[in-house]
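Commentary on secondary and tertiary structure
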Amino acid sequence: MMSLRRNHLWLLLIFALLLRLISLATYPLMDTTEARYGEMARLMVETGNWLTPQFDYGVPFWGKPPLFTWMSAYGIKLFGLNEFAVRAPHWLAGVATILLIAWVARRLGINALIAAVVLATCGIFSIAAGAVMTDMALTLSLTIAMIGFYLAWLQDSPNSRWWGYVSFIGLACGLLAKGPLVLVLMGMTVMPWLMWQHGVISAWKELWQRFPIVTGCILMLAIALPWYLMAEAATPGFLDYFLIGEHFKRFVVSGWQGDLYGSAHDRPRGMIWLYWLQAAFPWSIVLPVLAWRRRAQISTFEYQHKGLLSFLLLWLLSPLLLFTMAGNILPAYVLPGVPALALLIALFIKKRDTKWFSGVAMILPVLLMIMMLVLNMGKADTRSDRIVFDQINDEDPVYYLKERPFSGQFYSHGQAKILTDNEVLADLSHFYLIGKKEELNDFVHQQKLSCNQDFDSPSGRILFECSRLSHRSLAGHFDTN
């Protein structure tokens, strides 16, 4: 019976991962996050500028370090310019995180398969594992750092100190994935935990003795610092915007007006906790229930596993505590703590829980299938202009009226422009216009263009195929039917 249940869990894990992999190519890059970051990767490959990600041609993107852009750019180099190419590297990062969590679970005497299934079927993890965004690269980096630290602290082998260097490599990758945030999350876990284990004074002594602080920091900086210095040299002002704006004002100032690349998210203080319940579903509900049912054994777990339970709890809580007083947040900000959630549930699960566990683990794959069905029935087209460019079969110029979404940049390969000078149309015999219907109608009449409405997009934008009238009446040439 146990063998059958184990086989069922393996099938469930494989199904969850393959389902997400297949889904990567089934829906367009949607505005704004995925299309924006996908376009940055496309620009990186086209321009050959692998140092500074670009928001548009010649416009540097200072909001994030380049690791996630490098990942998608290499995907384009391998698989061509398509949705699968820019998403697949982030799916691989998710798989790598699952493998790492399963490996450390087995090493620490925890059910590795349970931990892997929890991680693969956690809502925000499944979404991020295959989405063009920064968070999976950060989560993998922090996971490497946390595991390296704990194994170095254990000192259960002659080579334990080397795990400290692994931890610093993880921190270096985190600095290239999302910046100093990785150091803050690590510190919010490690220092309180060391003080809990050894006392306030002895914590610093143990940190020094068990962890290669000086040489590890040198290794970390040797990996990450060169990019920061080269990026500042290439585009002066980067460090001030990124370190002060993105790492202080973004989280402290609600509706921060200094954002160069969009609008800040103004959320109520403490919203991160509600985001965690939603984003980590269904396991965000399961964990407190399991902890309550195992409350009499918690001290035993903590002792038998050498402080692991408290370490995982602090790891899980670190992003929630950090962003509790932040107003500018997103649900994905809980993701760096989700690997700890998987290990905690695996720590609490007993053999008799396998049956209900499988049922809960099936929730996310079922929801994912429903979501893919909804997206492919047209929902995705309301947030992407891919379908608009599917209607254009020639190389004639394309102009957006007033604003251009990131999906318009990506799917036109950067050729669709925002119309800033009406005079450019004077020398064109044939071109396309995209925009809101009423605005386009007014513009066409004012400019005396002959246009046919080619396509009415679910995004609310209209595609007009146009030519300029020359010494002729507008009558008989304008048709929007």
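Data block above holds the structure.
Residues numbered from 1 in each chain as written. Predicted model: local features only at pLDDT ≥ 70, side-chain atom pairs only at ≥ 80, totals over all residues. Heavy atoms only, no water.

1. What to know about the overall build of the protein
When helices and strands are tallied, the protein shows 22 helices and seven strands. Taken against the 2.2 N^0.38 rule, which gives 23 Å for 481 residues, the C-alpha radius of gyration of the protein at 26 Å falls within 12% of a compact globule. Overall, the protein is about 90 × 55 × 40 Å in size when its C-alpha atoms are taken along their principal axes. Counting across all 481 residues of the protein, residues that qualify as buried make up 54%. Put simply, 74% of the contacts in the protein that link residues at least 6 apart link residues at least 24 apart. Total accessible area on the protein stands at roughly 21300 Å², and carbon and sulfur atoms take up 63% of it. Within the protein, the 33 negative side-chain charges are centred at a point lying 17 Å from the centre of the 38 positive side-chain charges. (Helix = DSSP H or I, 4+ residues; strand = E, 2+ residues; numbered from the N terminus. Rg over C-alpha atoms; globule rule 2.2 N^0.38 Å. Buried < 20%, exposed > 50% of the residue type's maximum accessible area, 1.4 Å probe, protein only. Contact = heavy atoms within 4.5 Å. Areas by Shrake-Rupley, 256 points an atom, 1.4 Å probe, with all protein chains shown as cover. Lys, Arg positive; Asp, Glu negative; His and termini not counted. Charge placed at Lys NZ, Arg CZ, Asp CG, Glu CD.)

2. With respect to the state of the cysteines
The full count for this structure, using the stated rule, is one disulfide. C217 provides the cysteine sulfur closest to C173, a residue in no disulfide bond, and the two sulfurs are 15 Å apart. For C173, a relative accessible area of 27% translates into the label partly exposed. What makes C217 partly exposed here is its relative accessible area of 29%. (Disulfide = S-S within 2.5 Å.)

3. A few points about the packing of helix α2 (residues 33-47) against helix α3 (residues 67-79)
Put simply, α2 and α3 touch, their axes get as near as 8 Å, and they point 65° apart. Helix-helix and strand crossings are classified by hand; for α2 and α3 the assignment is right-handed. Contact residues: α2 offers Y37, M40, A41, R42, M44 and V45, while α3 offers F68, T69, W70, S72, A73, I76 and K77. Of the residues that constitute the contact of α2 with α3, the class distribution is nine nonpolar, two polar and two charged. (Axes fitted to C-alpha atoms, helices over the stretch in contact; angles between N-to-C directions. Left-handed = near helix turned anticlockwise from the far one by under 90°. Nonpolar A, V, L, I, M, F, W, Y, C, P; charged D, E, K, R; others polar.)

4. Examining α3
Along its 13 residues, α3 runs 18 Å from first to last C-alpha, staying within 8% of the 18 Å computed at 1.5 Å per residue. Looking at the buried residues of α3, the elements they touch are α2, α4 (83-107), α7 (135-154) and α8 (160-177). Where α3 terminates, the next one or two residues include G80, which has phi positive at roughly 90°. (Expected span 1.5 Å × (residues − 1).)

5. A short note on a nonpolar patch on the surface
Among the surface-exposed residues, F15, L274, L277, F281, I285, V289, I363, V366, L367, M369, I370 and V374 lie close enough to one another that they form a single nonpolar patch of about 930 Å² accessible area. When residues of the nonpolar patch are traced back to their parent elements, those giving at least two are α13 (271-279), α14 (283-293) and α19 (363-379). Looking at which element gives the most residues to the nonpolar patch, the answer is α19, with six residues. Within the secondary structure layout, F15 lies in helix α1 (residues 2-23). (Patch = residues over 30% accessible without salt bridge, like charges linked within 9 Å, V, L, I, M, F, W, Y side chains within 5 Å. Salt bridge = Lys/Arg side-chain N within 4 Å of Asp/Glu carboxyl O.)

6. Structural notes on the packing of aromatic side chains
Inspection of the entire model under this criterion finds 30 aromatic pairs. Ring centres of W153 and W193 lie 4.6 Å apart, and the angle between their planes is 70°; this geometry places the pair in the edge-to-face category. Within this pair, whereas W153 is found in helix α7, its partner W193 is found in helix α9 (residues 181-198), the two being separated by 40 residues in sequence. Under the relative-accessibility criterion, W153 is labelled buried at 10%. A residue is classified by how much of its surface remains accessible, and W193, at 0% relative accessible area, is buried. Judged by centre distance (6.2 Å) and plane angle (40°), the rings of Y228 and F238 are tilted. Of the two residues, Y228 sits in helix α11 (residues 213-234) while F238 sits in helix α12 (residues 238-252), which places them 10 residues apart along the sequence. (Phe/Tyr/Trp six-rings, centres within 6.5 Å; stacked < 30°, edge-to-face > 60°.)

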